[in-house]
Amino acid sequence: MPRPHLHLFDAVGIELEYMIVDSGTLNVRPIADVVLRDETGAVASEVEHGSLAWSNELVSHVIELKTNGPAATLDGLAEAFQSQVGEINRQLAPHGARLLPSAMHPWMDPHAEMVLWPHEYGPVYEAFNRIFDCRGHGWANLQSMHINLPFSGDEEFGRLHAAVRLVLPLLPALAGSSPIMDGNRTGLMDSRLEVYRTNSRRIPSVAGRVIPEPAFDAASYSRLIFTPMFADIAPHDPEGVLQDEFLNARGAIARFSRGTIEIRVIDVQECPAADLAIAAAAISVVKLLVDQHWTDTRSQQSIPVEPLEAVFLAAIRDAERATVDSPELLQQFGVSAMSLTLAELWQHLLREVAPDPSAGFDWRPTIDTILRRGPLARRITDALSASPDPAELRRLYARLADCLASGSLFVASGSDPDA
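1. A few points about the packing of aromatic side chains
For the structure on display, the rule yields 13 aromatic pairs. When the ring of Phe226 is compared with that of Phe230, the centres are 5.7 Å apart and the planes differ by 0°; the resulting orientation is stacked. With Phe226 and Phe230 both in helix 8 (residues 218-233) and four residues apart, this pair spans about one turn of that helix. An aromatic cluster is defined as three or more aromatic residues linked by ring pairs; in this entry it consists of Phe151, Phe157, Tyr221, Phe226, Phe230 and Phe256. A cation over an aromatic ring shows up here: Arg192 above the ring of Tyr196, its NZ or CZ 6.0 Å from the ring centre. For Lys287, the ring lying beneath its charged end belongs to Phe9, and the centroid distance is 5.8 Å.

2. Section: the nonpolar core
Here is a general trend for soluble globular proteins: nonpolar side chains tend to be buried in one another's company. Grouped together as the largest cluster of nonpolar side chains are 125 residues, with contacts concentrated most on Ile14, Ile147, Phe333, Leu345, Trp346 and Ile367. Among the elements that make up this core, the one with the highest residue count is helix 9 (residues 272-290) (13 residues). In contact with Ile147, not counting residues within four places along its chain, are Val12, Gly13, Ile14, Ile261, Glu262, Ile263, Ile266, Ala279, Ala282 and Ile283. Counting 16 residues, the second-largest nonpolar core is a separate cluster that includes Met19, Leu26, Ile180 and Ile380.

3. Side note on the confidence of the model for the protein
Averaged over the protein, the pLDDT score is 94; the fraction of residues at 70 or greater is 95%. Note that residues 414-419 has pLDDT below 50 and, in this model, ten contacts with residues that lie over four places away or in other chains.

Criteria and cut-off values
Residues numbered from 1 in each chain as written. Predicted model: local features only at pLDDT ≥ 70, side-chain atom pairs only at ≥ 80, totals over all residues. Heavy atoms only, no water. Phe/Tyr/Trp six-rings, centres within 6.5 Å; stacked < 30°, edge-to-face > 60°. Helix = DSSP H or I, 4+ residues; strand = E, 2+ residues; numbered from the N terminus. Lys NZ or Arg CZ within 6 Å of the ring centre and 35° of its normal. Core = buried A, V, L, I, M, F, W, Y, C linked by side-chain atoms within 4.5 Å. Buried < 20%, exposed > 50% of the residue type's maximum accessible area, 1.4 Å probe, protein only. Contact = heavy atoms within 4.5 Å. pLDDT = per-residue confidence, 0-100.

Printed below as a string of structure tokens:
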């Protein structure tokens with residue numbers, strides 16, 4: 001049955017990825033296949049559960065929850081995702097396992113612990129592994145939220161892609177959740193994006209500079225992105241297994257086959273309520289840009305990769321404390337100042353966003369908490385000593401697993417998230 005013809009903001013798709021870990025040690029457990037079973041009990045790469053679906057991608061310790069097709073609104077999705085988190089935890093419990101949130105496992109050794117998903121799509125994953133060696137954090141240890149936004153035709157694509165490019169570098173300020181890797185502080189608020197942006201360095205055109213090139217119709221996108229990428233990988237992929245639009249690893253990718261742009265730079269949070277609040281904030285700002293609230297589409301399309309990349313790299317390091325010092329970029333958001341921190345810019349943007357009854361839930365208090373206390377990465381590091389030992393990390397990440405199970409924001413012990 002063909003997909004319905006969806007236009008800008010007619011619908012949204014949300015995907016959330018979580019790690020499966022041992023209930024006691026919190027070490028990764030590559031057992032996604034114990035819950036990914038169809039009605040006959042056979043292992044399946046995707047299983048429908050009402051309005052959501054469960055699936056796996058690449059490695060066997062990760063499970064993805066996603067909207068089962070386009071959702072008309074974000075209304076009710078946080079509750080739906082939370083309910084399914086509970087169901088997965090119930091199915092994992094007899095195996096001594098549970099789900100762990102945040103964008104990176106804090107002490108996983110991917111070279112020793114990575115297990116590829118061996119079932120459906122196995123040949124695709126084996127091709128990725130052969131070419132890129134997936135035994136690294138940039139492939140085997142990263143969990144994110146993806147937001148899928150629809151478009152129809154080149155005109156809508158050009159408007160949406162221009163807006164999404166401008167918003168991408170701002171998102172780690174809200175969503176960074178990966179300050180720990182290999183059992184240590186990395187000095188970055190978004191270590192996932194740091195390893196992600198270099199995971200395909202053997203063939204650099206696969207990820208580019210993460211911020212997509214200024215391509216605003218299908219022909220220019222093919223010329224600037226698809227054609228070079230497919231040509232570069234062809235000698236390594238003689239069977240053509242990976243010569244598809246899914247090979248594109250930029251921070252937002254065009255899926256012309258399904259008429260969507262997929263945003264991929266958002267770390268998964270401690271609970272679905274936080275993820276959906278960030279999604280609502282991001283979509284609201286994208287919509288203002290598409291509606292030409294501050295500048296026209298032509299002006300938005302004129303912004304090259306370089307200033308966006310500079311903000312993106314600063315946000316990976318410093319999240320909400322990073323500085324935007326490009327007046328040209330700030331003007332796209334109606335800001336006349338020469339520079340602002342990302343926290344200040346987000347505060348400005350959210351003052352401009354009118355209440356949207358169609359969102360169906362009040363996401364602003366959660367975003368206010370994030371802006372006041374910092375993204376999850378900031379709250380994690382604030383709760384840890386300068387050089388946390390394994391026991392301290394285990395206690396903190398057990399609290400994060402409890403936040404996911406209960407659907408609550410992570411805050412310092414004894415504090416009030418809404419204070």
